[in-house]
Structures are given as structure tokens and as C-alpha cells.
Amino acid sequence: MKEPKKILLIHTGGTIGMEGSEHLEPGHYAEALVEQLPEYAGFAHIDSVVLCNLDSSDIGPRQWRELALTIARNRAQYDGFIVIHGTDTMPYTAAALSFALEGLDRPVVLTGAQRPMGALRNDARRNLADAIEVSTLPIPEVSLCFDGVLLRGCRSCKINTRAYHAFDSPGCEPLARLGVDITLARHIRYPSAPFRCCPEFGANVIVVHVTPGIMPGTLNRLLTGDPAIDGIVLIPFGVGTVPCVDSDIVSFVETATSRGIDVLVANAATGKIDLPLYENSNVLSKAGAISGGEIRQEAALVKLMHACATYRDRDERIEYLRYHIAGEMG
């Protein structure tokens, strides 16, 4: 008989461990979540630690760093990790861990719930049970487990605030589907380099959505603030087009890149950024912007934050931003 896998459950907060009827607040029983699933006592040996107990809107670079370091410090002692997290910013944390834990060789599974464990008709019990099971499988990626699917963490996004099917990974099939059987996908990534933890993230990165009529003069004010901006995630139209007649966004990009500010172009829709395709998209490439391929807004922001904090040399940052780190670009 095989020895049960050792799993470390790291609690950060979120709805799954909250209590209250109208205004949900962190509950006192958060540390005892696993006790709600006694049938898993012989399936896996689960230890738990409370990193923090926060609404996910309060989780950012400082908590990402502590999560990454906690996993790195305990990596040799555990076969897998589960991160309990609020749903609102779960894709951002999943992306952060995807970039911070290079060469990951065991599962790191994020999960949470739309309704807390103590509520009737909750989704918390199933999500946690599913996360425990997939954390014992050979899926060495940072993933997000919710409503019977396992999604690549750096491709995930929240799509619904009221349904149990709250997350999707547009353009990227689930890593696993959890029905009567667990079906693993063929595109699961496996480590090609030794493990290392790079947990730093810069804070001075912004997201700019291109809109009809947007004026570069308005945006240029962003470049003169204090502290200075280190990076910009630009969300254009379609495959990368921007207005070039009445609202010349190109001058804003040119000004930013001339000052050493990296501009990463990400997609608001399913599909791939293709800057050479149209004249109104190719201008971004000529202005020094970097194509993010199929990268989503959440992962683009976090990857740029990670690049700005990790690589001082601009050529190294640009190479990093153009390289597939964890399957985020398609």
C-alpha cells in the first residue's frame, strides 16, 4: 500500500472560511477547514498553516512573496500544496506564483468558494475536496481548481461573481476535468530547468485600456508622476489595434519606451495579439511595445511587475517578457 501524499494547505482567507450572513468576515474556524472532510484523513496527510486571513482584495505583492517563500521553504517536505484564497484576485496570485516558482516540480493548487463552508448549498466542500485530490497528482504547475475543472493559473480569469462556475481560461483547455473520473490534459507542463524561487514584484506598474477617443495628452500625465512608472500593460482593441487619427496613442507609447518604461501589450479577448497584422497595430511595435501573445490582463500585469523587480537590465526584462515562462502566452 502506497504511503499517503503529504500536502501543505496554506490559508490566506477568502469566502471559503468566512462566516456571517450579509457582510462576510474572516471566520474563526479557518484553520479547521480540512476537518470538514474527514474522509480524506487516510487519502493524504495534510498539514495546514495560516499565512494571513484576508479578503482577497487586500492580497498583493507582499503576500505573493510570502506565499512563494513558504512553498519554496517547504518544497522538499511536501508532495503538493493547496492555497486557500478569495476569488476576486485569485488569478493574480496564481499568475504570481507561476512566475515566482520557476522549474516547479509539484502541484500548487489554488482554490476557494463562492459560498462559505458553513453555508447551506455551498461549493466550498467540493472545491476543497477536488483540490486535495489533484494536489496528489503529477501536475507540476500552479493551477486553479474550481467547480470541477483545473485551470492553468497564469491563463485563468474570473468570469462570474454569482455562479459556481466562476473561472475560465479562454484559449487554454483545462489541465484536468473532475467528473466521475479525473481526466488529465496532454498540455500539462513539466519542469525543464532546476527549481528556483524569485519572489519579488514591483508595484509601479499600471494597466491602460485603450478606448475610443482616448487622448495621449491625458495619458502622458501618467508618465510625470512621483513615483515614476516602471511598466505599462496596454490593452488595445482586437489583435492590437489603436486609434491613430484623432487619438494618437502611439505618441504615448513612444514617450514611455523612450524613457525606459516597458510597454507590454495584452489581450482583452480570446486570441492572440498580432501587432504586424494591421497598420493600426504595427505602429505599436514600431513604437517599442512588446507583444504578449495570448497573455491575459491579470498575468500580463503580474509578469511585468515581476520583470521590473527581478531584472535591472532592460534587455533582460524585454527578453523575459517575450519568453514563455509558464504557458501564459499561448
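Here, the structure is the one placed above.
Along each chain, residues carry numbers from 1 onward, in the same order as the chain's sequence is written. Whole-chain, interface and lining totals are the exception, using all residues; otherwise, since this is a predicted model, local features are given only for residues with pLDDT of at least 70 and side-chain atom pairs are given and counted only at 80 or more. Computation of side-chain values: all heavy atoms of the structure, hydrogens and water removed.

> What's the story with the overall build of the chain in this structure? I'm lost.
Put simply, DSSP H or I for four residues or longer makes a helix, DSSP E for two residues or longer makes a strand, and each gets a number counted from the N terminus. Along its length, the chain carries eight helices and 18 strands. The size measure is the radius of gyration over C-alpha atoms, and the globule rule it meets is 2.2 Å times the number of residues to the 0.38 power. The C-alpha atoms of the chain give 21 Å as radius of gyration, which agrees with the globular expectation for 330 residues (20 Å, within 12%). Projected onto the principal axes, the alpha-carbon positions of the chain cover approximately 65 × 45 × 35 Å. Burial status across the chain gives 51% buried among its 330 residues. It only takes one pair of heavy atoms within 4.5 Å for two residues to be counted as in contact. Of all intrachain contacts in the chain linking residues separated by at least 6 positions in sequence, the fraction that spans at least 24 positions is 74%. Accessibility throughout is a Shrake-Rupley quantity obtained with a 1.4 Å probe, and a residue counts as covered only by protein chains that appear here. Accessible surface, the chain: about 15,000 Å² in total, of which carbon and sulfur atoms supply 49%. The cut-offs for exposure are 20% and 50% of the maximum accessible area for each residue type, with area from a 1.4 Å probe on protein chains only; residues under the lower value are buried, those over the upper are exposed, and the others partly exposed.

> Help me out: how do you make sense of the sheet that holds strand E17 (residues 262-267) in this one?
Paired through their backbone hydrogen bonds, the strands of a sheet run either parallel or antiparallel. Across the sheet, which stays open at both edges, the four strands sit in the order E15-E16-E17-E18 with parallel pairing between neighbours. Each edge of the open sheet carries a strand with a single partner, namely strand E15 (205-209) and strand E18 (290-296). Taking the axes of each pair of neighbouring strands and ignoring which way they run, one obtains an average angle of 30° across the sheet. Bridge count between strand E16 (residues 231-235) and E17: four bridges; the pairing is parallel. Across the sheet, residue Ile232 finds its bridge partner in E17, namely Val263. In short, DSSP must find at least two bridges between two strands for them to pair. Helix axes use the C-alpha atoms of the stretch in contact, all axes being lines fitted to C-alpha atoms, and the angles between their N-to-C directions lie in the range 0 to 180 degrees.

> So what exactly am I meant to see when it comes to the pairing of strand E8 (residues 142-146) here?
Every other side chain in a regular strand lies on the same face of the sheet, so the side chains alternate between the two faces. Burial runs high along E8: five of the five residues are buried. Burial along E8 is two-sided: the face carrying Val142, Leu144 and Phe146 and the face carrying Ser143 and Cys145 are both buried. Summarising the sheet, strand E7 (residues 108-111) and E8 pair through three bridges and their orientation is parallel. Bridge pairing in E8 links Leu110 to Leu144. A clockwise course of the path from the first strand over the helix to the second, judged with the strands pointing away from the viewer, identifies a crossover as right-handed. For the segment spanning E7, helix H3 (residues 124-134) and E8, crossover handedness is left-handed. Here E8 pairs with strand E9 (residues 149-152) via four bridges, running antiparallel.

> For this particular structure, what's the right way to read the sheet that holds strand E1 (residues 5-11)?
In spatial order, the strands read E4-E1-E5-E7-E8-E9-E12-E13; together these eight strands make up an open sheet with mixed pairing. With one partner strand each, in any of the chains shown, strand E4 (44-50) and strand E13 (182-184) form the two edges of the open sheet. The sheet shows a mean angle of 25° between the axes of neighbouring strands, direction not considered. Lying over the sheet, H3 contacts E1, E4, strand E5 (80-84), E7, E8, E9, strand E12 (176-178) and E13, oriented at roughly 145° with respect to E8.

> What should I look at first to understand the side chain of Arg296 in this one?
In this structure, Arg296 sits in strand E18. Within this scheme the basic residues Lys and Arg register as positive and the acidic residues Asp and Glu register as negative, but His and the chain ends are omitted. Salt-bridge detection follows one rule: a side-chain nitrogen of Lys or Arg within 4 Å of a carboxyl oxygen of Asp or Glu. Lacking a salt bridge, the buried Arg296 has Glu298 as its closest oppositely charged neighbour, with an N-O distance of 4.7 Å.

> Before we go on, may I ask you to explain the packing of helix H2 (residues 90-100) against helix H7 (residues 297-310) in this structure?
Each pair of packed helices gets described by two things: the angle between the helix axes and the distance between those axes. Close contact between H2 and H7 brings their axes to 9 Å; oriented N to C, the two are set at 45°. Here H2 is positioned oblique relative to H7, judged by the angle of their axes. H7 is crossed by H2, and the crossing has right-handed handedness. Across the interface between the two elements, Pro91, Tyr92, Ala95, Ala96, Phe99 and Ala100 of H2 pack against Gln297, Glu298, Ala299, Leu301, Val302, Lys303 and His306 of H7. The residue makeup of the contact of H2 with H7, split by class, is nine nonpolar, two polar and two charged. Note on angle classes: values under 35 degrees are labelled roughly parallel, values over 145 roughly antiparallel, values of 65 to 115 roughly perpendicular, and the remainder oblique. In a left-handed crossing the near helix is turned counterclockwise from the far helix by less than a right angle, and in a right-handed crossing that turn is clockwise. We call Asp, Glu, Lys and Arg charged. Ala, Val, Leu, Ile, Met, Phe, Trp, Tyr, Cys and Pro are nonpolar, and the rest, Gly among them, are polar.

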